[in-house]
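If you want the building blocks of each chain, they are given just below.
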Amino acid sequence: MPEADRELVSIRRFLKERLQRDYTTLRGYAEERSNVRLLLQRTAEMGESNSLLLIGPRGSGKTTLINSVLADLLPNKSFGENTLIVHLDGNLHTDDRVALKSITVQMQLENAADGKVFGSFAENLAFLLQCLKSGGKNSKCVVFILEEFDLFCAHHNQTLLYNLFDVSQSAQAPICVLGVTCRLDVIELLEKRVKSRFSHRQVFLFPSSQRFEEYVDLCKDLLSLPTGNSLLLAAERIYNLQNIQSGALYFSRNHFDSGEYGFSPRLRDAWNKQICKVLATQQARSILQSLHDFDISEAYLKNFLFRLVAHLRPLSPHITAEKMAAVGSQFEGDDKIELLCGLSVLELCLIIAIKHHSEIYDRDPFNFEIIYARFSKFAKVSTTMQAVERSIVLKAFEHLRIAELIMPLSGGAGGGVGKVQKEFEMHKLALTYGQIQHCVQRYQALPTEVAQWAQSSLI
Amino acid sequence: MEAICSSLEPLFPCREAAIETLGELIGDSSEAYPSAIYLFGHSGTGKTALTRAFLKECGKRQNVRTAHLNAIECYTTKIMLEILLDSLVPEQGDALKVDNMLDFVEQLRRQAAPRVEDQGFLIAVDNAERLRDMDANVLPVLLRLQELTNLNLCVILLSQLPFEKFYNKTGLSEVICLHLAQYNKAETQRILGSDFEQVRNQLLEQFAQDKKRLEICQEAVTEDFYNNYLNLFLSVFYKACRDVPELQLTARKCLSIYLEPVLDGTVDATDISRLWRHIAGPLRSALTQIYMRIEKPAEEAEDFTAIEDQSVRKLAQSLELPYYAKFLLIAAFLASHNAANQDKRLFVKHHGKQRKRMQTVNARAKTTEKMSTTLGPKSFSIDRLLAIFYAILEEKVGLTCNLLSQISTLVHLKLLSFVSGEQNIMEGSARLQCTIGLEFVLQIGKVVGFNVRQYLCDFM
């Protein structure tokens, strides 16, 4: 492999890995971050108990914030040695029994708890915390991280939450409960007795929508190569992560490790200059602007950049505005229109018939017979759709249903509607008129009469 | 990555772009995989075949473990997790047991941890729309499996739906969506034409006994001939069906009919317009058979007209019911499709004068959408069925058990069906409905000489 190719491969690998596996680098949110950091520090050093909820939309960096705070604190001796981290995920720990078992394992107390019979959940948890206390002169503190916090609220009696908050309120072993959720109304989900024990400390993470310049800078940041020094700094930080005393917090193991990489200054400067040049062009900026308009979260941008970086190959070794446009167009397209354009002419005719019906009857539901009657009126006068048998039309109708372009009224397959014949089952349209219109314009080689019929229901 | 792509491209014509994109994203196990890829497109666009081949190539050339499963097969989450774990970490053998999602993730972490660097894991899930009906945590966990297990792992979801159909209340993490577009006409023709050699060999084998035919066949069946045939074939079928496997199946079936006059020596192989006249009819009748896959024994398959005549008319005429049962069926249809308050006017001789008010006139102004024949059958009681039966039957028959047993015969034939009260027929609270269509009942009426339309409120 020639030198240039090898360099490109290493750049691609580096960028991909950093986009995908950098779990600890948080950008922005300085205030929120120091807030959480202070809280954790106080728990570790002064033995204060606390609870906090991190709330923000998907992909806004809630988990990253916690991870980055942990990565900051770990080198700190008083924190690193004195803290246990228990990581629970609402999607994995689906009930309190599973969660408690997992807590025991993560606190490395299986041996102590083995063979004991506990009367209640609270007793069990108290025992676990007691174990920690008995060890040294002052007890270890435990940080509970509850991902998908809202799912824990659905557990029976909210026992786990009640006990955790209860411990954090009373002067027992120092624990810190960090809940992470994307539901703004999560407080309403808590039972009264649980709510009253919660500290009502909430941190909201909202990516700000006003700052487009920052968005462009972020993009530049994610695409450019760092200097050797900063690579080393980051590598050291990652190295510290291995000190995490937790059986479930695994992000450290496969975390992107910048120590493996090194780029010659010549290569780095050339690459970074190229990125700057591309991002300064009008075309690139308008693509970023439209991405920004769709979704301002960093995760969305990373998804876009990942695909962009994946396009790098020896034959086209640079990121260009044209490539950005090509990838961007896939993000902008409407998937439903794409699917509509893949229908056969017959199926499209049915969609048009449904559209006319919906327009005339103000989006009343319809069944196959109604649509077939409308369609056969058209088929009679059309040259292309003549001699299409009813059974074929029914098949086409069913295909539309499988593709969920039309939906049965009484949700799901056979939801108590087994008694109704399929010809008479009522459906509703899951498309907008605009999408249908769009598809009719884009459809390749659509017969003219069908296109005309789409415009006007008169035949 | 290049090797994988170039080995797949000949297998999947017209899918070069998709193969390349997949190769860029998951072609190299030493680079980071994206956490999830969502591949969607209509049925028959090659989602499954392409992914399966791609995974196989990856497993062969690189240090990648792959798992391919169909969500339909997994009626519980546990089954799915065990299948996944079994193919990703096969060392465990029979001892494999996964209780819940946490168990799965932890076993995956544990089992796969001490392995070599650059180990990749690829999971493909067919019919991913079924994941929505499974436990609520399956889909979110699958989409974030890379982060949770910290392996170089990618989940590929295959489905016919756009990804927006998967969103739940709290949203999902980001995925990379790839669309496999339906083939256009030229591409379809190219794909259908790509099996020319195979078709030709099959034909030659078929006529190996018959020397004369073999010669004609060898001479006539050329690439051009086959392409012309496909062109004609698509001109009929393409508007109704774009599903390539279905088209392929039907195209092979019809080829023998197309070839027939050439083999007989009546039409020249290059005379396309005469061949078209010959094939147009059978193709149109084959169009009515598409998707049905009615398999006929070899000798009957030649005779396409036989298959064609499975229309409603034939079916109704060939249905051998007793005379009274036919009238019962008609009565059931009338009971299903007329309102009960109209019965007096329809079936009683002196039903008195109708008062006409503007309101009722307007209410009766019918549009096709409101006709009961398009809205579906209503239920009726057995009493009403018998009353209408006696009203439309001119002769007098006794209410015997022979007559009543015919109702249950009709139910067994699925011409009538119980809506409710299946258990208490004797009390008279059971309600039935008629499941046949208008066209069918008109034919039945014709057989017994009864004009059904006359008695339908829809047509007055």
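This one's a predicted model, so the numbers in the text were calculated from it and none came from an experiment.

A. Up close: the overall build of chain B. If you tally the helices and strands in chain B, you get 23 helices and eight strands. In terms of C-alpha radius of gyration, chain B reaches 31 Å, well past the compact-globule figure of 23 Å for 460 residues. In chain B, buried positions account for 50% of the 460 residues. For chain B, long-range pairs separated by at least 24 residues make up 71% of all intrachain contacts whose partners lie at least 6 apart in sequence.

B. Structural view of helix H14 (residues 265-280) of chain A. All names here are of chain A. Across its 16 residues, H14 extends 22 Å between first and last C-alpha, which sits within 8% of the 22 Å expected from 1.5 Å per residue. Along H14, the residues classified as buried are Leu267, Arg268, Trp271, Asn272, Gln274, Ile275, Val278 and Leu279. Looking straight down H14, one finds that the buried residues subtend no more than 155° of arc, so they occupy a single side. Opposite its buried face, H14 presents the exposed residues Arg266, Lys273, Lys277 and Ala280, each directed more than 90 degrees away.

C. Summary view of the packing of helix H11 (residues 223-237) of chain B against helix H13 (residues 272-288) of chain B. Residue and element names in this part refer to chain B. In contact at an axis separation of 10 Å, H11 and H13 are set at 45° when each is read in the N-to-C sense. Between H11 and H13, the crossing angle belongs to the class labelled oblique. Crossing hand, H11 versus H13: right-handed. Across the interface between the two elements, Phe225, Asn228, Leu232, Phe233, Ser235, Val236 and Phe237 from H11 touch Ile272, Leu275, Trp276, Ile279, Leu283, Arg284, Ala286 and Leu287 from H13.

D. Region of interest: the interface of chain A and chain B. Listed per partner, the contact involves 73 residues of chain A and 74 residues of chain B. Counting each side, the surface lost to burial between chain A and chain B is near 6300 Å², with a carbon and sulfur contribution of 52%. Taken as a group, Leu92(A), Arg313(A) and Leu339(A) account for 10% of the area that chain A buries against chain B, more than any other trio of residues on that side. Viewed at the interface, chain B and chain A are joined by eight salt bridges. Across the salt bridge formed by Glu24(B) and Arg313(A), the nearest N and O atoms sit 3.6 Å from each other. For the interface between chain A and chain B, the tally reads 29 residue pairs in polar contact (both at pLDDT 80 or more). Those elements that provide at least two residues to the side of chain A that touches chain B are helix H1 (3-21), helix H5 (96-106), helix H16 (298-310), helix H18 (335-341), helix H19 (345-360), helix H20 (368-381) and helix H21 (390-402) of chain A. Looking at which element gives the most residues to the side of chain A that touches chain B, the answer is H1(A), with seven residues.

E. Focus on the sheet that holds strand E5 (residues 202-204) of chain A. Residue and element names in this part refer to chain A. Across the sheet, five strands lie side by side as E2-E3-E4-E1-E5; this open sheet has parallel pairing. Here the strands that pair on one side only, and so sit at the sheet edges, are strand E2 (83-89) and E5. Looking at each pair of strands side by side, their axes are set apart by 15° on average, direction ignored. Across six bridges, the pairing between strand E1 (residues 50-55) and strand E4 (residues 175-181) is parallel. Across the sheet, residue Ile55 finds its bridge partner in E4, namely Thr181. In the packing of helix H2 (residues 30-46) onto the sheet, the strands contacted are E1, E2, strand E3 (141-147), E4 and E5, and the crossing angle to E4 comes to about 150°. Contacting E1, E2, E3 and E4, helix H9 (residues 159-169) crosses the sheet at an angle of about 135° to E4.

F. Highlighting the packing of aromatic side chains. In the structure shown here, the tally under the stated rule is 28 aromatic pairs over all chains. Here the aromatic rings of Tyr300(A) and Phe331(A) are separated by 5.7 Å at their centres, their planes lie at 90°, and the arrangement is edge-to-face. Taken together, the positions of Tyr300(A) in helix H16 and Phe331(A) in helix H17 (residues 321-332) put the pair 31 residues apart, joining distant regions of the chain. You'll find Tyr300(A) and Phe331(A) in the same group, each marked buried. Measuring from centroid to centroid gives 5.5 Å for Phe163(B) and Phe166(B), while their planes differ by 15°, and the two rings are stacked. Here the two residues Phe163(B) and Phe166(B) agree in accessibility, since each one is buried. A network of ring pairs unites the aromatic residues Tyr323(B), Tyr324(B), Phe327(B), Phe347(B), Phe389(B), Tyr390(B), Phe450(B) and Tyr455(B) as a single cluster.

G. Main features of the sheet that holds strand E6 (residues 380-381) of chain B. Residue and element names in this part refer to chain B. Taking strand neighbours across the sheet as the criterion, the three strands line up as E6-E8-E7 in an open arrangement whose pairing is antiparallel. The sheet is open, and its two borders are formed by E6 and strand E7 (416-420), each paired with just one other strand. Bridge analysis of E7 against strand E8 (residues 431-434) gives four bridges, and the strand direction is antiparallel. Bridging across to E8, Leu416 finds its partner in Cys434. Together, E7 and E8 form the strand contacts of helix H22 (residues 401-412), whose direction differs from that of E7 by roughly 95°.

H. Broad picture of the confidence of the model for chain A. Overall, the prediction assigns chain A a mean pLDDT of 86, with 93% of residues at 70 or greater. Segment residues 412-416 of chain A: pLDDT under 50, and two contacts once partners within four positions in sequence are set aside and those in other chains are kept.

I. Looking closely at the environment of Arg97(A). Following the sequence through the fold, Arg97(A) ends up in helix H5. Sequence separation between Arg97(A) and Pro314(A) is 217 residues, and the spatial gap between their C-alpha atoms is 53 Å.

J. Inspection of the UniProt feature "domain: ORC5 lid" (unreviewed entry) in chain B at higher detail. UniProt feature "domain: ORC5 lid" (unreviewed entry): in the numbering of this structure it lies at residues 226-286 of chain B. For residues 226-286 of chain B, helix accounts for 79% and strand for 0%, while the C-alpha atoms at its two ends are 18 Å apart.

K. A look at the nonpolar core. With 84 residues, the main nonpolar core has Leu346(A), Phe375(A), Met385(A), Tyr229(B) and Phe237(B) as its most contacted residues. If you tally residues by element for this core, the top one is helix H12 (residues 244-264) of chain B, at ten residues. Sequence-distant contacts of Leu346(A), defined by excluding residues within four places in its chain, comprise Phe375(A), Met385(A), Val388(A), Ile392(A), Val393(A), Ala396(A), Lys239(B) and Ala240(B). Within the second largest apolar cluster, 65 residues are counted, among which are Phe263(A), Leu267(A), Ile26(B) and Tyr33(B).

L. Spatial organisation of the confidence of the model for chain B. Residue and element names in this part refer to chain B. For chain B, mean pLDDT is 85; residues scoring 70 or higher make up 91% of the total. Within chain B, helix H15 (residues 304-308) has the poorest average pLDDT of any element, 44, and strand E1 (residues 36-40) the best, 95. Model confidence for the complex is summarised by a pTM of 0.89, with the ipTM given as 0.92.

M. Looking closely at the domain arrangement of chain A. Domain assignment breaks chain A into domain 1 (3-12 + 211-332), domain 2 (28-204) and domain 3 (337-455). Domain 2 of chain A and domain 3 of chain A are separated by 53 Å when their C-alpha centres are compared.

N. Geometry of the packing of H19(A) against H20(A). Residue and element names in this part refer to chain A. For the pair H19 and H20, interaxial distance at closest approach is 9 Å and the crossing angle is 110°. On the basis of their axis angle, the class for H19 and H20 is roughly perpendicular. Like other packed secondary-structure pairs, H19 and H20 cross with a definite hand, here right-handed. Between H19, through Leu346, Cys349, Leu350, Ala353, Ile354, His356, His357 and Ile360, and H20, the contact on the second element is made entirely by Ile370, Ile371, Arg374, Phe375 and Phe378.

Rules and cut-offs
- All residue numbers here refer to positions counted from 1 along the written sequence of the relevant chain.
- For this description, chains carry letters from A and ligands carry numbers from 1, given in the order in which they are written.
- Only residues with pLDDT of at least 70 are given local features in this predicted model, and only at 80 or more are side-chain atom pairs given and counted; all residues enter the totals for whole chains, interfaces and linings.
- Computation of side-chain values: all heavy atoms of the structure, hydrogens and water removed.
- Under the scheme used here, helices are H or I runs from DSSP no shorter than 4 residues and strands are E runs no shorter than 2 residues, and both carry numbers assigned from the N terminus.
- We take the radius of gyration over the C-alpha atoms and set the globule estimate at 2.2 Å times the residue count to the 0.38 power.
- When accessible area is computed with a 1.4 Å probe and restricted to protein chains, residues below 20% of their type maximum are described as buried, those above 50% as exposed, and intermediate ones as partly exposed.
- Any pair of residues with heavy atoms lying within 4.5 Å of one another is described as a contacting pair.
- The span you would expect from a helix comes to 1.5 Å times its residue count less one.
- Arc, as used here, means the arc of the directions from the helix axis to the C-beta atoms.
- Every angle, taken between N-to-C directions, lies between 0 and 180 degrees, and every axis is a line fitted to C-alpha atoms, over only the stretch in contact when it is a helix.
- Between 65 and 115 degrees an angle is taken as roughly perpendicular, under 35 as roughly parallel, over 145 as roughly antiparallel, and anywhere else as oblique.
- Crossings are assigned a handedness: left-handed for a near helix turned anticlockwise from the far helix by less than a right angle, right-handed for a clockwise turn.
- Two parts placed together each lose some accessible area under a 1.4 Å probe, and adding up what both lose gives the buried area.
- What counts as a salt bridge is simple: a side-chain nitrogen of Lys or Arg found within 4 Å of a carboxyl oxygen of Asp or Glu.
- Throughout this description, a polar contact denotes any pair of N or O atoms lying within 3.5 Å of each other; where both atoms belong to protein, one of them has to be capable of donating a hydrogen while the other can accept it, and for residues adjacent in sequence the pair is counted only when both atoms sit in side chains.
- Two strands make a pair as long as DSSP finds a minimum of two bridges between them.
- The aromatic pairing rule takes the rings of Phe, Tyr and Trp, using the six-membered ring of Trp, and pairs them if the centres are within 6.5 Å, calling planes under 30 degrees apart stacked, those over 60 edge-to-face and the rest tilted.
- The predictor attaches a confidence to each residue, called pLDDT, with possible values from 0 through 100.
- UniProt positions are given in the numbering used here, feature names are shortened, and annotations may be inferred rather than shown by experiment.
- To form a nonpolar core, buried Ala, Val, Leu, Ile, Met, Phe, Trp, Tyr and Cys residues must be joined to one another through side-chain atoms within 4.5 Å.
- For each domain, the first and last residues come from an automatic or database assignment.

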